[in-house]
Amino acid sequence: MLGAMALLLAGLSAVWMLQGIGGGNRGFILGLRGTKLAALVTVATAIGVATILFQTVASNRVLTPSIMGFDALYVLLQTGLVVVLGGAGLAGLPPGPKFLSEIAVMTVLASLLFGTLLLRGARDVPRMILTGVILGVLFRSLSGFLGRILDPNEFAVVQSVSFASFNRVDATLLPWAAAITAAAVLAAWRLSARLDVLALGRDPAVSLGLAHRGMVLGVLGLVAVLVSVSTALVGPVPFFGLIVAGLAHGLMRSARHAALLPAAALSAAILLVGGQWLFERQLGQAATLSVVVEFAGGLFFLYLLLKGRIR
Amino acid sequence: MIQIQGVSHAIGGTPILHDITTTLPKGRLTALIGPNGAGKSTLLRLVGRLEPLQQGRITVAGHDVATTPTDRLARVMAILGQQTAIASRLRLAELVAFGRWPHHKGRPGPQDQAQVWLALKAFALTDLADRFLDEVSGGQAQRAHIAMAWAQDTDWMLLDEPLNNLDMSHARSLMARLRGLVDQGGRSVAIVVHEINYAAAWADHVIALKGGRVVAQGTAAEVLTEARLSELYETPIRVGTHQGRPLVLHHA
Ligand SMILES: Nc1ncnc2c1ncn2[C@@H]1O[C@H](COP(=O)(O)OP(=O)(O)O)[C@@H](O)[C@H]1O
Ligand SMILES: [Mg+2]
């Protein structure tokens, strides 16, 4: 199954890269397309893996990091930075180190906040959803408030991370983003056997000797890193992860993370690369992919809620 | 031996356990009894480090549960809580296989697979091994959970109301298996039981809790007397004997 998915992704990538490539400027076009492909695959991997990880710590299948407000936290962090340093000051910082330190702060904040939340009352799923939604609204309105006291030029800097778009990708961040994603995914992969135990729930995991607290905080840290990467590259996409995690569970029919993690990453990449190809090249409507993805994801979320599949 | 010294516990400001000091003897089958809300589950969860200890000290075979690394403890005792809901969607065989985790940490060897198979067989689950946990009856799922603890193959086994959902024949066969673990395997077992006659028929040692305090402890014959049980459950209870063991009659 994973092999077939990898083949499909390779095929799609080849079509994406080579379709209609003419004589002139070949190198330039390939470079442009390659950057975009790399960005899409990075984002897809980050979202797919982050969602599976988050659903495992939270012991349920309807939550995604974005629904719980992770990406809103990242946007708030960005806005805060613009307020403190000013748009120009921010632009003056070297992009790589700046990105790294943002991710570090985000990771600490998210582990503290969501760690407290999860280690307290993880059993109560409705309460978790409610808390997450409220946190998300809180972060978003704080960003909105900060945005208002900014002057319009500086606000434009913030706005680019606040709305989802698969078209505008910051090429300077891409190598950093790809490297960080690879490191986080590798870490998750190496934890996959322990993630299987974590997924049993707190009591069974503790009785099997898993250091539960440390594991929860560590996994939340990884989720924060991955969400920062995807939000920095394309903005918040709350429901996309839900589709991807649903697909991974449905296709694998196994609870083993060694299968779920690659399946989620691959299905996310197939959907994004395929979707972007369809909308950009075939329908000539590059901007709509994020809208369609979110619409479908939102419907899927409602379906899960209505079917009572909240675990 | 499990030693419990001066353990008190409160949840949300409400005291649940009051200064409990007792021991669970090694190489015996110990039954914890007492009315609903007596604190049996809380005490067992504290011993099994599912709940952090607030006050007092608990050692299991010499290991202090507050300071011993949790993965070390998992090779000394297996605990099955009263709430056994599992978050992930698993087949019965996969669930039972997790019992071997403390030993192989993610790399199961052939002897782990053999143990899992034995555990499945011991609880008559081989025919159901490939079924999903949410597609079997409550009693079958309960047996799978016990089989997981069994596969953990530890010196101590702590089970909170393991007879829940089990029919008479499976309940009896579980008690016989636990008895075998103690008598032939030299292991130690502690269970919380509600049906008092299971304690009467199978337990060596009985600890009676009420209102968060130990009100009686000793051999089954010492604790399961008319006076003690009537007081414990605040209802008149008659105790006869059958084949040399107490037989509790609560329909008198
Ligand atoms: N999470 C909790 N919050 C508040 N009170 C609790 C909680 N868990 C248990 N209790 C209370 O602690 C007491 C002991 O509970 P428990 O140990 O489960 O009793 P038992 O297993 O003997 O029936 C009961 O009075 C119960 O109401
Ligand atoms: Mg109980």
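Going by what an unreviewed UniProt entry lists, chain B is known as ATP-binding cassette domain-containing protein and is assigned to Paracoccus hibiscisoli. Per UniProt, the comment on chain B under Subcellular location (unreviewed entry) is "Cell membrane".

So, on to the pattern of salt bridges. Residues and elements named next belong to chain B. The full count for this structure, using the stated rule, is 15 salt bridges over all chains. Its salt-bridge partner being D71, residue K105 comes within 3.2 Å of it at the nearest N-O pair. Placement of the pair is K105 in the loop between helix 4 (101–104) and helix 5 (110–122) and D71 in helix 2 (residues 70–73), with a sequence separation of 34 residues. Relative accessible area serves as the criterion here: at 25%, D71 is assigned to the partly exposed category. In this structure, R100 and D112 form a salt bridge, with 2.9 Å as the shortest nitrogen-oxygen distance. One end of the pair, R100, is in the loop between helix 3 (92–98) and helix 4; the other, D112, is in helix 5, and twelve residues separate them in sequence.

Residues and elements named next belong to chain B. Summarising the metal site, the magnesium ion (ligand 2) is bound by the protein donors S41 (OG) and Q82 (OE1), whose distances to it range over 2.0 to 2.3 Å. Here the residue S41 occupies a position in helix 1 (residues 40–47), and Q82 occupies one in the loop between strand 6 (77–80) and helix 3, the gap between them amounting to 41 residues. Judged by relative accessible area, Q82 falls into the partly exposed class, the value being 33%.

A few words on the nonpolar core. L53 and F70 of chain A together with I33 and L178 of chain B are the most contacted members of the largest nonpolar core, which has 154 residues in total. Each of domain 1 (2–76 + 154–249) and domain 2 (83–153) of chain B gives at least three residues to this core. The contact partners of F70 of chain A, leaving out residues within four places of it in the chain, are F54, P65, M106, A110, F114, L220, V223, A224 and V227 of chain A. Residues A38, L73, W156 and I207 of chain B belong to the second largest nonpolar core, which totals 27 residues.

What follows is about the domain arrangement of chain B. Residue and element names in this part refer to chain B. Domain parsing of chain B yields domain 1 (2–76 + 154–249) and domain 2 (83–153). Summarising the inter-unit geometry, the C-alpha centres of domain 1 and domain 2 are found 24 Å apart. With both sides pooled, the region where domain 1 packs onto domain 2 buries about 1300 Å², and carbon together with sulfur makes up 63% of that total. Of all residues in domain 1, R75, T154 and R177 bury the most surface against domain 2, accounting for 32% of the area lost on that side. At the surface where domain 1 touches domain 2, the tally comes to two salt bridges. For the pair domain 1 and domain 2, the number of links is eight residue pairs in polar contact (both at pLDDT 80 or more). Broken down by secondary-structure element, the contributors of at least two residues to the side of domain 1 that touches domain 2 are strand 7 (156–160) and helix 7 (168–183).

Let's shift gears to the site of ligand 1. All names here are of chain B. In the region of ligand 1, the neighbouring residues are I11, I16, P35, N36, G37, A38, G39, K40, S41 and T42. Contacts to ligand 1 include T42, whose side-chain N or O atom sits 2.5 Å from an oxygen atom. Burial of ligand 1 by the protein chains amounts to 55% of its free accessible area of 560 Å². Ranked by residues supplied to the shell around ligand 1, first place goes to helix 1 with three residues.

Residues and elements named next belong to chain B. Bridge count for strand 9 (residues 205–210) against strand 10 (residues 213–219) is six bridges, and the pairing is antiparallel. Note on strand 10: the bridge partner recorded for V206 is G218. Counted along the chain from strand 9 to the antiparallel partner strand 10, the turn is two residues long, and its residue G211 has a positive phi close to 55°.

Residues and elements named next belong to chain B. One ladder, built from five bridges, connects strand 11 (residues 238–242) with strand 12 (residues 245–249); its direction is antiparallel. Across the sheet, R238 pairs through a bridge with L249, a residue of strand 12. The turn linking strand 11 back onto strand 12 is made up of two residues, and Q243 within it adopts a positive phi angle of 50°.

Turning our attention to the sheet that holds strand 6 of chain B. Residues and elements named next belong to chain B. If you trace the six strands from one edge of the open sheet to the other, you get 6-7-8-3-9-10, paired in mixed fashion. Each edge of the open sheet carries a strand with a single partner, namely strand 6 and strand 10. Each adjacent strand pair in this sheet contributes to an overall mean axis angle of 15°, direction not counted. Of the strand pairs in this sheet, strand 7 and strand 8 (residues 188–192) are connected by five bridges, and their pairing is parallel.

With that settled, the discussion passes to the packing of helix 2 (residues 26–58) of chain A against helix 7 (residues 174–190) of chain A. All names here are of chain A. The contact between helix 2 and helix 7 brings their axes to 10 Å, and the two run at 35°. With respect to the hand of their crossing, helix 2 and helix 7 are arranged in left-handed fashion. Between helix 2 and helix 7, the residues in contact are T35, A38, A39, T42, T45, A46, V49 and L53 and L174, A177, A178, T181, V185 and A188, respectively. The residue makeup of the contact of helix 2 with helix 7, split by class, is ten nonpolar, four polar and no charged.

What counts, and where the lines are drawn
Residues numbered from 1 in each chain as written. Chains lettered and ligands numbered in written order. Predicted model: local features only at pLDDT ≥ 70, side-chain atom pairs only at ≥ 80, totals over all residues. Heavy atoms only, no water. UniProt positions renumbered as here; feature names shortened; annotations may be inferred. Salt bridge = Lys/Arg side-chain N within 4 Å of Asp/Glu carboxyl O. Helix = DSSP H or I, 4+ residues; strand = E, 2+ residues; numbered from the N terminus. Buried < 20%, exposed > 50% of the residue type's maximum accessible area, 1.4 Å probe, protein only. Donors = N, O, S within 2.8 Å, 3.2 Å for Na, K, Ca; no water. Core = buried A, V, L, I, M, F, W, Y, C linked by side-chain atoms within 4.5 Å. Domains from an automatic or database assignment. Contact = heavy atoms within 4.5 Å. Buried area = accessible area lost by both parts, 1.4 Å probe. Polar contact = N/O pair within 3.5 Å; in protein donor to acceptor, adjacent residues only side chain to side chain. Near = heavy atom within 4 Å. Areas by Shrake-Rupley, 256 points an atom, 1.4 Å probe, with all protein chains shown as cover. Pairing = 2+ DSSP bridges. Axes fitted to C-alpha atoms, helices over the stretch in contact; angles between N-to-C directions. Left-handed = near helix turned anticlockwise from the far one by under 90°. Nonpolar A, V, L, I, M, F, W, Y, C, P; charged D, E, K, R; others polar.

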